[in-house]
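Okay, here's what each chain looks like letter by letter:
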Amino acid sequence: MSTPAGVTTPPAPVPDATRSGSRALFAVCAATLLVLMNYTAPLPVLPQTARSLGAGLTTQTWLINAITLGLAATLLVAGSLGDDFGRRRIFRAGLVLLAASTLGAAVAPNAGTFVAARVLQGVASAGILAAGLGLLGHAFRTNHGRSHATARWASMLGGGIALGPVTSAALTALGSWRWSHLMLAAVAAVLAALAGRLLAESRADRTARIDVSGVLTLGAGLSLLLFAVTAGRTGWLRPAVLIPLALAALLLAAFVAIEARGRAPMLDLALFRRPDFRVATIGAFFTGLAALGPSTVLPTLVQRLVGVSALGVAGLAFLWAGASFVVSNQMRHHGTRFAPTRQLGLGFALTAAGYLAMLGYADAHSWVRTIPGLLISGAGSGLLNAALARAAVASVPPDRVAMGSGANNTARYVGSALGVAASITVASSLLPAGQTGGFSAHGADLVLLLGAGAAVLGGAAALIRRRVTAPAPAAG
């Protein structure tokens, strides 16, 4: 039947408004929330976990950082595989592996087994985060739709960080630190079963190829780099640190050479010619270094130096992450009004201000003094997460959204691993004479200064890059 003259045919529904888009948003956000809950669950109960597994101070660094190693080493690989072989396939595989590895952590008889399980949790989380954001990029095609979806996704980062410590602390108080891992494993299994019904498959419209040499050189290079950084807290000039660092540099250089010459590279190096991609990558690295790194160590410092209970520490983490959740969620209404570079600059400024506001809490033996700083820096983290999620999708071609997410999150978690290792190193660097195996109040202040300095550098990099790449005014 023809349309009468003068009557406009209503446009066909765009993917943003379809039921499949809503289902994708629910599944990806739920899985992202689970990933971050799992990431932060051990933080408030680290002393109990360490005692149960017989882990010393150096091994405790691995109890925290092992999942970051798995994440950073495989995020880009997971994103590339998702684009080529199916984002839903990689997403579901990540959930299945997360369920299995979290169960392994729950029943771990010793620290080595727990660390290995946490590394596998990182690999699983990489598949979920990279493919999940890629699924949203495919389901939401308009600027408004993507701004809404990526802000919701970013708010789950804060939500998971808020709920993970509270849940693990509460279950530990009721029974054992292992209970939270059992619960998270069960939820991951349920989501893996539901994902097949809620998500539509999507992949790039080209022949799928596995960049084997790229996968091997990048994965091994990043693993060695993060191993060296984590081991460096007990001395940076030891062969156990210098040899992995040298090998990591060689492998990462080989990865760049392979990607530059390959016909189907895992990472298209030409993307670094795009200012928006460079800003997103640099911003993600400094977000990990400034926001995630020090904030990951902060709960342990407060617990050890001020004497707050595990549940109390989880409550403080809830304040920081709750502020991040609220701000990220609000950016779904206002995200399109702000350029990502301005949002990054403000986010870094709030992060630095929040850290500076907490200076002296350990000397004063007062956890109350951390509250204003936690709220301010948490708000900054929310702005950073929302800006980076939007930039990760918008700065790459539509058929490479999972790869863009993988690259962005790789930079974030490499920065986080460096931030965690540096924070633990400086926190224990100013111990009184004769005292070993702990943290000092002055070291706690150094952690805050380190985070503030990294945030200032990140904000400067984002704003300088914006000025350099801003279009020249039209002649007239």
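Everything numeric here is computed off the predicted structure, so don't read it as measured data. (Residues numbered from 1 in each chain as written. Predicted model: local features only at pLDDT ≥ 70, side-chain atom pairs only at ≥ 80, totals over all residues. Heavy atoms only, no water.)

A. Up close: the packing of aromatic side chains. Inspection of the entire model under this criterion finds five aromatic pairs. The interplanar angle of 85° and the centroid separation of 5.0 Å between the aromatic rings of F272 and F277 together place this pair among those described as edge-to-face. Note on F272: relative accessible area 33%, which makes it partly exposed. Among the residues examined, F277 registers a relative accessible area of 3% and is labelled buried. (Phe/Tyr/Trp six-rings, centres within 6.5 Å; stacked < 30°, edge-to-face > 60°. Buried < 20%, exposed > 50% of the residue type's maximum accessible area, 1.4 Å probe, protein only.)

B. A look at empty space enclosed by the protein. Scanning the model with the defined rule gives six cavities of 30 Å³ or more in all. Lining the largest cavity are 17 residues, with S295, T296, P299, A317 and W320 sitting closest to its centre. Elements with a minimum of two residues in the lining of the largest cavity: α1 (19–40), α6 (143–174), α10 (275–306) and α11 (310–334). In terms of residue count, α10 provides more of the lining of the largest cavity than any other element does, six residues in total. (1 Å grid on protein atoms, 1.4 Å probe; cavity = no way out; pocket = protein on both sides within 12 Å on 5 of 7 lines; lining within 4 Å. Points joined across faces, edges and corners; volume = space filled by probe spheres on them. Helix = DSSP H or I, 4+ residues; strand = E, 2+ residues; numbered from the N terminus.)

C. Seen up close, the nonpolar core. The biggest cluster of nonpolar side chains holds 139 residues, and the ones touching the most others in it are F91, L95, W153, L301, Y361 and Y413. Other than its neighbours up to four places away in sequence, W153 contacts V28, C29, T32, L129, L133, L136, A389 and N409. (Core = buried A, V, L, I, M, F, W, Y, C linked by side-chain atoms within 4.5 Å. Contact = heavy atoms within 4.5 Å.)

D. Geometry of helix α5 (residues 111–139). For α5, built from 29 residues, the straight-helix expectation of 42 Å at 1.5 Å per residue is met to within 8% by its first-to-last C-alpha distance of 41 Å. Along α5, 22 of the 29 residues are buried, which leaves the element largely enclosed by surrounding structure. Two to three positions downstream of the cap, the backbone nitrogen of G112 sits 3.3 Å from a side-chain oxygen, assigning the N-cap of α5 to N110. (Expected span 1.5 Å × (residues − 1). Polar contact = N/O pair within 3.5 Å; in protein donor to acceptor, adjacent residues only side chain to side chain.)

E. Looking closely at a nonpolar patch on the surface. A contiguous nonpolar patch, built from L103, V107, L174, W179 and L182 and spanning about 510 Å² of accessible area, is present on the exposed surface. Turning to its location among the elements, L174 is positioned in helix α6. (Patch = residues over 30% accessible without salt bridge, like charges linked within 9 Å, V, L, I, M, F, W, Y side chains within 5 Å. Areas by Shrake-Rupley, 256 points an atom, 1.4 Å probe, with all protein chains shown as cover. Salt bridge = Lys/Arg side-chain N within 4 Å of Asp/Glu carboxyl O.)

F. Up close: the environment of V107. One can find V107 in the loop between α4 (87–106) and α5. Residue V107 is classed as exposed on the basis of its relative accessible area, which comes to 54%.

G. Structural context of the packing of α10 against helix α12 (residues 340–357). Between α10 and α12, the shortest axis-to-axis distance is 11 Å and the interhelical angle comes to 20°. When the axis of α10 is compared with that of α12, the two are roughly parallel. Judged by the twist between their axes, the crossing of α10 over α12 is left-handed. Contacts between α10 and α12 involve V279, G283, F286, T287, A290, A291, P294 and S295 from the first element and T341, L344, F348, T351 and Y355 from the second. Class assignment of the residues belonging to the contact of α10 with α12 gives a composition of eight nonpolar, five polar and no charged. (Axes fitted to C-alpha atoms, helices over the stretch in contact; angles between N-to-C directions. Parallel < 35°, antiparallel > 145°, perpendicular 65-115°, else oblique. Left-handed = near helix turned anticlockwise from the far one by under 90°. Nonpolar A, V, L, I, M, F, W, Y, C, P; charged D, E, K, R; others polar.)

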